[in-house]
Amino acid sequence: VPLAKANPIVFNDYMNCNWAMESAERLINLIDRAAEIGAEAFCIDDGWQKKLGVWYPDDEKFAGYSLKGIIDYIKSKGMIAGVWFEFESLPLSAVKTLGKDALLTRNGKIIAEHRPLANFRCEKVVRYLNERVDELVGLGVGFIKNDHNNAEYIGTDSHGESPAEGLMQNAAAFNEFIDGLRKKYPDLILENCASGGTRQDHETLKRFDLQSISDQEDYLKFPSIIVGNSALVPPEKAGVWCYPYPLKFTDRANNDISEREKHEYRDGEQTIFNAVNAAMGLPYLSGRIENIDEINLKLYKEAVSLFKELRAFVGNAYPIYPCGFLNICEKRAFSFGYADEDKNEIILAAWNLTDKAVIHKCKTGGNYAAEIIYPRGADEKISFSRGTLTVEFSKGKTARLIKLVKKR
């Protein structure tokens, strides 16, 4: 079944943002600002539903709007409306409402009782989930972020001749369910999150438009994840969070950014670093951007505009590793990028993960003209000579996006 033709630039309100604390008050300003920076879709994450596994809208959370009202508001801003889902999660009560075979078991006991798993060989389960998706599509949803936060590693004897085979058969049935959604709703865009990338097998990858690669809160750790992930996931599917003005999980009850934090963001380098990360895959926007100042707002808009320009290039490129791979705890200057032989171009992310100014040398080979394409007007000195790119970072914890064009 063909996937959607183009992956949109999505704003999702979970990571370093709403953290599943949904309300109309929290959403409206975010939706306005997401549209302003150029997002093409807005996904309401965990919290729109009654509770986990009970996949009905909780309209009381959206006072004055209802979930449909929020969806209509997103669409009025020219964006695709999306919601978070966990197709494989059902409540314990599903045994009463959908039958004793609704949940996966082992030795007669429900596995992972804190987050029960749906049995996709059960026709009533599949019918129930199809009905819930039908309802959401009927409300105007065009994007679903499907998560998988379960712990089924103990296996199941609901299918097959061993617990491992049971899991494999249930996964195959889940894939059949996704295939059915694809046939019914060919324009519905589907993301596979899986706790931020824990399930990235190719049977899953080929069925979903977008694969979240990490739920990492710390943008400084993303370069390592991006580079390692590039060996598995095509860049046009690799969802990379971009969350300047972050609200950390430990502060999620607070709906504002402190004055101290605003001061830290004043030079725009957090926004730039986040954007350079996101350019190395499919940008996945978030953060409490309704609080953003003019400097960072300008940088965010510039980044989203550039993402749209680079989208076709990234989808036709292959990864290059001029500096090898990066340990997630390493603090050094590092580069990674994508090359397109047809265009004789390389788009390269250059990160300075140290706390000080450094001169970064990156051997790519060839003979290229080099320029910083993000942020515009950056004052770092760069040069290319004898197959080596040199970037003079003037301070630590900074990143720049560089374009190399082969000289004739």
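Computed from a predicted model, the values in this text were never measured in an experiment.

Engineer: Would you mind going over the overall build of the protein chain with me for this structure?
Structural biologist: Summing up its helical and strand segments, the protein chain has 12 helices and 20 strands in all. Counting only C-alpha atoms and orienting by the principal axes, one finds that the protein chain spans roughly 70 × 50 × 35 Å. Burial status across the protein chain gives 57% buried among its 408 residues. Both charge centroids of the protein chain, one from 53 positive and one from 58 negative side chains, sit 3 Å from each other.

Engineer: Explain the packing of aromatic side chains here, please?
Structural biologist: When we look at a pair of aromatic rings, we describe it by the centre distance and by the angle of the planes. For the structure on display, the rule yields 22 aromatic pairs. A ring pair is formed by Phe-11 and Phe-42, whose centres lie 5.3 Å apart and whose planes are at 15°; its orientation type is stacked. Remark: Phe-42 occurs in strand β2 (residues 41–44) and Phe-11 occurs in strand β1 (residues 10–12); sequence separation between them is 31 residues. Take Phe-11: its relative accessible area is 0%, and that puts it in the buried class. Pairing Trp-241 with Tyr-284 gives two aromatic rings, centres 4.6 Å apart and planes at 55°, and the pair type is tilted. Placement of the pair is Trp-241 in strand β11 (residues 238–242) and Tyr-284 in strand β12 (residues 282–285), with a sequence separation of 43 residues. Taken individually, Trp-241 and Tyr-284 each receive the classification buried, so the pair is uniform in this respect. Put simply, the rings of Trp-48, Trp-55, Trp-84, Phe-85, Phe-87, Phe-120, Phe-174 and Phe-177 pair up and form one aromatic cluster. Here the basic side chain of Arg-199 rests over the ring of Phe-174, its NZ or CZ set 5.1 Å away from the ring centre. Over the face of the ring belonging to Phe-249 we find Arg-252, whose NZ or CZ atom lies 3.9 Å from the ring centre.

Engineer: When you look at the sheet that holds strand β14 (residues 333–340) in this model, what are you seeing that I'm missing?
Structural biologist: Backbone hydrogen bonds are what pair the strands of a sheet, in a parallel or an antiparallel way. The strand order across the open sheet formed by five strands is β13-β14-β15-β20-β17, and the pairing between neighbours is antiparallel. A single partner strand is all that each edge strand has here, and the edge strands are β13 (318–320) and β17 (368–374). Each strand of the sheet is rotated relative to its neighbour by a mean of 25°, with strand direction disregarded. With three bridges joining them, β13 and β14 adopt antiparallel strand pairing.

Engineer: So what exactly am I meant to see when it comes to the nonpolar core here?
Structural biologist: Nonpolar side chains in soluble globular proteins tend to be buried together. Core analysis: the biggest nonpolar cluster contains 128 residues, and Phe-42, Trp-48, Phe-87, Met-280, Leu-285, Trp-351 and Leu-401 have the highest contact counts within it. A per-element tally of this core places helix α12 (residues 294–315) first, with 10 residues. The residues touching Met-280, leaving out its near neighbours within four places in the chain, are Ile-226, Phe-336, Gly-337, Tyr-338, Ile-347, Ala-349, Trp-351 and Leu-401.

Engineer: When you look at the state of the cysteines in this model, what are you seeing that I'm missing?
Structural biologist: Every disulfide links exactly two cysteines, by a covalent bond between their sulfur atoms. Within this structure, the stated rule accounts for zero disulfides. Its sulfur unpaired, Cys-193 is 9.6 Å from the next cysteine sulfur, which belongs to Cys-43.

Engineer: Any chance you could explain the packing of helix α11 (residues 269–278) against α12 here in plain terms?
Structural biologist: For any two helices packed against each other, one specifies the crossing angle of their axes together with the interaxial distance. Across the interface, α11 lies against α12 with an axial gap of 10 Å and an inter-helix angle of 10°. The orientation of α11 relative to α12 falls into the category roughly parallel. Taken together, the residues of α12 that come into contact with α11 (itself represented by Thr-271, Ile-272, Ala-275 and Ala-278) are Asn-296, Leu-299, Tyr-300, Ala-303 and Phe-307.

Engineer: Help me understand the sheet that holds strand β18 (residues 381–385) in this model?
Structural biologist: Pairing is antiparallel across the open sheet formed by three strands, whose spatial order is β16-β19-β18. Unpaired on one side and paired on the other, β16 (358–363) and β18 mark the two borders of the sheet. Averaged over all adjacent pairs, the angle separating strand axes in this sheet is 15°, with direction ignored. Direction of pairing for β16 relative to strand β19 (residues 388–393): antiparallel, over a ladder of six bridges. Opposite Lys-361, over in β19, you have Thr-390 as the bridge partner.

Engineer: What is the right way to look at the side chain of Glu-191 in this model?
Structural biologist: Mapped onto the elements, Glu-191 comes out in strand β9 (residues 189–192). Buried within the structure, Glu-191 lacks any salt-bridge partner; Lys-145 is the closest side chain of opposite charge, at an N-O distance of 4.8 Å. Only 2.4 Å separates the side chain of Glu-191 from the side chain of Tyr-284, close enough to count as a polar contact. If we ignore the near neighbours within four places in the chain, the residues touching Glu-191 are Phe-143, Ile-144, Lys-145, Asn-146, Phe-208, Leu-210, Ser-212 and Tyr-284.

Engineer: Explanation requested: the pattern of salt bridges in the structure shown.
Structural biologist: Evaluation of the coordinates by the stated rule reveals 26 salt bridges. Across the pair Arg-207 and Glu-203 runs a salt bridge, and its minimum N-O distance is 2.8 Å. Three or more residues joined by partner-sharing salt bridges are found here, namely Asp-267, Glu-269, Glu-380, Lys-395 and Arg-400.

So, how was this worked out
- Residues numbered from 1 in each chain as written.
- Predicted model: local features only at pLDDT ≥ 70, side-chain atom pairs only at ≥ 80, totals over all residues.
- Heavy atoms only, no water.
- Helix = DSSP H or I, 4+ residues; strand = E, 2+ residues; numbered from the N terminus.
- Buried < 20%, exposed > 50% of the residue type's maximum accessible area, 1.4 Å probe, protein only.
- Lys, Arg positive; Asp, Glu negative; His and termini not counted.
- Charge placed at Lys NZ, Arg CZ, Asp CG, Glu CD.
- Phe/Tyr/Trp six-rings, centres within 6.5 Å; stacked < 30°, edge-to-face > 60°.
- Lys NZ or Arg CZ within 6 Å of the ring centre and 35° of its normal.
- Pairing = 2+ DSSP bridges.
- Axes fitted to C-alpha atoms, helices over the stretch in contact; angles between N-to-C directions.
- Core = buried A, V, L, I, M, F, W, Y, C linked by side-chain atoms within 4.5 Å.
- Contact = heavy atoms within 4.5 Å.
- Disulfide = S-S within 2.5 Å.
- Parallel < 35°, antiparallel > 145°, perpendicular 65-115°, else oblique.
- Salt bridge = Lys/Arg side-chain N within 4 Å of Asp/Glu carboxyl O.
- Polar contact = N/O pair within 3.5 Å; in protein donor to acceptor, adjacent residues only side chain to side chain.

In short, shape yes, function no, at least from these values alone.
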